[in-house]
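So you can see what is in the structure, the chains are spelled out below.
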Protein chains: 2
Amino acid sequence: MRISDLSRESGVPIPTIKYYLREGLLPAGERTARNQATYDATHLRRLHLIRVLVEVGGLSLLAVRRVLAALERGGAPLHEVLAEAHTALRRDTPGEDPALAPARAETDAWLTELGWNLGDGSPARDDLAAALLALRGLGWEVGPDVFERYARHASALAEAEIAYVAAADRPETAVEATVIGTVVFERALVALRRLAQEHHSRTRLG
Amino acid sequence: MRISDLSRESGVPIPTIKYYLREGLLPAGERTARNQATYDATHLRRLHLIRVLVEVGGLSLLAVRRVLAALERGGAPLHEVLAEAHTALRRDTPGEDPALAPARAETDAWLTELGWNLGDGSPARDDLAAALLALRGLGWEVGPDVFERYARHASALAEAEIAYVAAADRPETAVEATVIGTVVFERALVALRRLAQEHHSRTRLG
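Given the structure is predicted, the values throughout are model-derived calculations rather than measurements. (Residues numbered from 1 in each chain as written. Chains lettered and ligands numbered in written order. Predicted model: local features only at pLDDT ≥ 70, side-chain atom pairs only at ≥ 80, totals over all residues.)

Peer 1: Describe the overall build of chain A, and please don't skip the residues or the numbers.
Peer 2: What chain A contains, in helices and strands, is nine helices and two strands. Mapped in sequence order, the helices and strands of chain A form the string α-α-β-β-α-α-α-α-α-α-α. A principal-axis box enclosing the C-alpha atoms of chain A has dimensions of 70 × 45 × 40 Å. Looking at chain A as a whole, 40% of its 206 residues qualify as buried. In chain A, 59% of the contacts between residues at least 6 apart in sequence involve partners at least 24 apart. (Helix = DSSP H or I, 4+ residues; strand = E, 2+ residues; numbered from the N terminus. Buried ≥ 20, exposed ≤ 12 C-beta atoms within 10 Å, placed from the backbone. Contact = placed C-beta atoms within 7 Å.)

What follows is the structure in structure tokens.
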């Protein structure tokens, strides 16, 4: 298909597509004439993926580039690519609190107690410690086990997700499914939790 | 305490505190001299809350203002304040897709099937529809029931959260706990899901 068809099918304006091509986020099409190229389903799929990362995941183009690079490094074990994708997907946080390190020692010890098999560098470890620190700043005198229920539900969801990914026929599909799962199902989960809060609040207190 | 103590205790720099005072995000202290005021624990607590909303929730100051306004409107039923806080906490999304309305009709019908008691205006309804639309753009031919498992776990978490909030002694505490719960536990949940993905991926495929 031509660039105009690609734009119509994907909903991405032509100047944006040209920008992605220049930036290497989208592979070049096949040259058919001096000033013309033709694109196929892989281009369309990639454009949809970029759109999801930007619009649903709220990622910057720099972060999109990091995610796509993680996707393209085939061959690495899934959990490594997952860690790279998580790093790329992580929202940048303003300057780190010096109190983060002791809080992280606590949450790390608790994750070990849970028996979770994790690398040291997982960026979500810091996010969990930051959440504990935030609660304490607000006067909640709690330990990491305040998150116990959340860990249980998160683990049940992740177990099903990894089972689904493990059943994929090709590694690229598996990794792409994981990135989509992280971004899209995360948004769905957050939305559903808010809706469920409203439902239970109306039902119980309404 | 003086503004310098407030700054030291909260970790928020004095110029930022002065900015919050000018903008009305933080109530004025009690005047003790022409150019001096004294602050108490309520100011410290409010500063911690603003910091959590900005640093953990990633909110703009405009959104912080909306959340604080929702907190200050005491007396309204919890689910209304919750809806206002959710609106304020919602990340702004770039221009809406014309395909959103039909997708929302599907997700809304599915939420009704689940028996969830929801207002029409809940902003998370759009987020759920956007997630469905994103999956379809990526070639997943799925209906809203692809989120069934997420709805079940989200509902279990929200039920416990609302029970906790309902047990609070004062309505202000209840509403503040809900906002904190939305922001801080949401971040913890997202972090734990990513960690659990890594754990199950290493355990199953490592």
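Peer 1: Residues and numbers for the domain arrangement of chain A, please.
Peer 2: The domain boundaries assigned to chain A delineate domain 1 (1-56) and domain 2 (93-148). Here domain 1 of chain A and domain 2 of chain A have C-alpha centroids that lie 41 Å from each other. (Domains from an automatic or database assignment.)

Peer 1: I'd like a description of the interface of chain B and chain A, backed by residues and values.
Peer 2: On the side of chain A, 73 residues touch chain B, which itself brings 73 residues to the contact. Elements with a contribution of two residues or more to the side of chain B that touches chain A: α3 (41-56), α5 (78-89), α7 (124-137), α8 (148-166) and α9 (171-205) of chain B. Here the element with the most residues in the side of chain B that touches chain A is α9(B); it accounts for 24 residues. By residue class, the composition of the side of chain B that touches chain A is 39 nonpolar, 19 polar and 15 charged. (Nonpolar A, V, L, I, M, F, W, Y, C, P; charged D, E, K, R; others polar.)

Peer 1: Help me get a handle on the environment of Glu106(B), residues and values and all.
Peer 2: Residue and element names in this part refer to chain B. By the secondary structure assignment, Glu 106 is in helix α6 (residues 100-113). Exposure remark for Glu 106: the 16 C-beta atoms within 10 Å place this residue in the partly exposed category. When the C-alpha atoms of Glu 106 and Glu 55 are compared, they prove to be 35 Å apart, with 51 residues separating the residues in sequence. Excluding its chain neighbours within four sequence positions, the residues that come into contact with Glu 106 are Leu 132, Gly 143 and Pro 144.

Peer 1: Go over the pairing of strand β1 (residues 30-33) of chain A with me, naming the residues and quoting the values.
Peer 2: All names here are of chain A. Direction of pairing for β1 relative to strand β2 (residues 36-38): antiparallel, over a ladder of three bridges. Bridge pairing links Ala 33 to Gln 36 in β2. With antiparallel pairing between neighbouring strands as the criterion, β1 and β2 make up a hairpin whose turn holds two residues. (Pairing = 2+ DSSP bridges.)

Peer 1: Explain the relation of the copies chain B and chain A to me, and be specific about the residues and the numbers.
Peer 2: For the match of chain B to chain A, the screw axis carries a shift of 0.0 Å, the RMSD comes to 0.0 Å, and the turn is 180°. Here the transformation between the copies is reduced to the relation of a two-fold axis. Closest to the rotation axis within chain B is the C-alpha of His153(B), separated from it by 3.0 Å. The residues that chain B uses at the interface reappear at the interface of chain A in 100% of cases, marking a shared surface. (Least-squares fit on C-alpha atoms with pLDDT ≥ 70 in both.)

Peer 1: Please give an account of the nonpolar core that cites residues and values.
Peer 2: Judged by nonpolar contacts, the single largest core of 108 residues is most densely connected at Leu192(A) and Leu192(B). Residues from two domains meet in this core; each of domain 1 (1-56) and domain 2 (93-148) of chain A gives at least three. Apart from the residues lying within four places of it in its own chain, the contact partners of Leu192(B) are Leu128(A), Phe147(A), Tyr150(A), Ala151(A) and Ala154(A). (Core = buried A, V, L, I, M, F, W, Y, C linked by C-beta atoms within 7 Å.)

Peer 1: Can you tell me about the environment of Leu61(A), naming the residues and giving the values?
Peer 2: By the element assignment, Leu61(A) lies in helix α4 (residues 61-72). Separated by 11 residues in sequence, Leu61(A) and Ile50(A) place their C-alpha atoms 8.7 Å apart.

Peer 1: Could you give me a rundown of α5(B), with the residues and numbers involved?
Peer 2: Residue and element names in this part refer to chain B. Its 12 residues give α5 an end-to-end C-alpha distance of 16 Å, which sits within 8% of 16 Å, the value for a rise of 1.5 Å per residue. Among the 12 residues that make up α5, 10 are buried, leaving the element largely enclosed by the rest of the structure. For α5, the set of buried residues is Leu 78, His 79, Val 81, Leu 82, Ala 83, Glu 84, Ala 85, His 86, Ala 88 and Leu 89. (Expected span 1.5 Å × (residues − 1).)

Peer 1: Before we move on, can you summarise the packing of α6(B) against α7(B) with the specific residues and values?
Peer 2: Residue and element names in this part refer to chain B. It is the contact of α6 with α7, at a shortest axis distance of 8 Å, that shows an interaxial angle of 110°. Taken together, the axes of α6 and α7 lie roughly perpendicular to each other. Counting all contacts with α6, which are made through Leu 100, Ala 103, Arg 104, Glu 106, Thr 107 and Asp 108, the residues of α7 involved are Arg 125, Asp 126, Leu 128, Ala 129, Ala 130, Leu 132 and Leu 133. For the contact of α6 with α7, the class distribution of residues is seven nonpolar, one polar and five charged. (Axes fitted to C-alpha atoms, helices over the stretch in contact; angles between N-to-C directions. Parallel < 35°, antiparallel > 145°, perpendicular 65-115°, else oblique.)

Peer 1: Give a detailed account of helix α6 (residues 100-113) of chain A, specifying residues and quantitative values.
Peer 2: The periodicity of an α-helix, 3.6 residues per turn, causes residues three or four positions apart to be oriented the same way. All names here are of chain A. Compared with an ideal rise of 1.5 Å per residue, which puts 14 residues at 20 Å, α6 spans 20 Å between its outermost C-alpha atoms and is within 8% of the ideal. All buried positions along α6 are accounted for by Ala 103, Thr 107 and Leu 111. Angular distribution of buried residues about the axis of α6 spans 75°; they occupy a single face of the element. For α6, exposure combined with an orientation more than 90 degrees from the buried face picks out Ala 101, Pro 102, Ala 105, Ala 109, Thr 112 and Glu 113. Phi turns positive one or two residues past the end of α6, at Gly 115, with a value near 85°. (Arc of directions from axis to C-beta.)

Peer 1: Tell me what's going on with the environment of Leu195(A), and back it up with residues and numbers.
Peer 2: In this structure, Leu195(A) sits in helix α9 (residues 171-205). Note on Leu195(A): 28 C-beta atoms within 10 Å, which makes it buried. With sequence-adjacent residues up to four places away left out, Leu195(A) is seen in contact with Leu111(B), Trp116(B), Leu118(B), Ser122(B) and Ala124(B).

Peer 1: So, the packing of helix α1 (residues 3-10) of chain A against helix α3 (residues 41-56) of chain A: which residues are in play, and what are the values?
Peer 2: Residue and element names in this part refer to chain A. For the pair α1 and α3, interaxial distance at closest approach is 10 Å and the crossing angle is 45°. In terms of their interaxial angle, α1 and α3 are classed as oblique. Regarding α1 and α3, the two cross each other, and that crossing is right-handed. On α3, the residues touching Leu 6, Glu 9 and Ser 10 of α1 are His 43, Leu 44, Leu 47 and His 48. Its residues assigned to classes, the contact of α1 with α3 comprises three nonpolar, three polar and one charged. (Left-handed = near helix turned anticlockwise from the far one by under 90°.)

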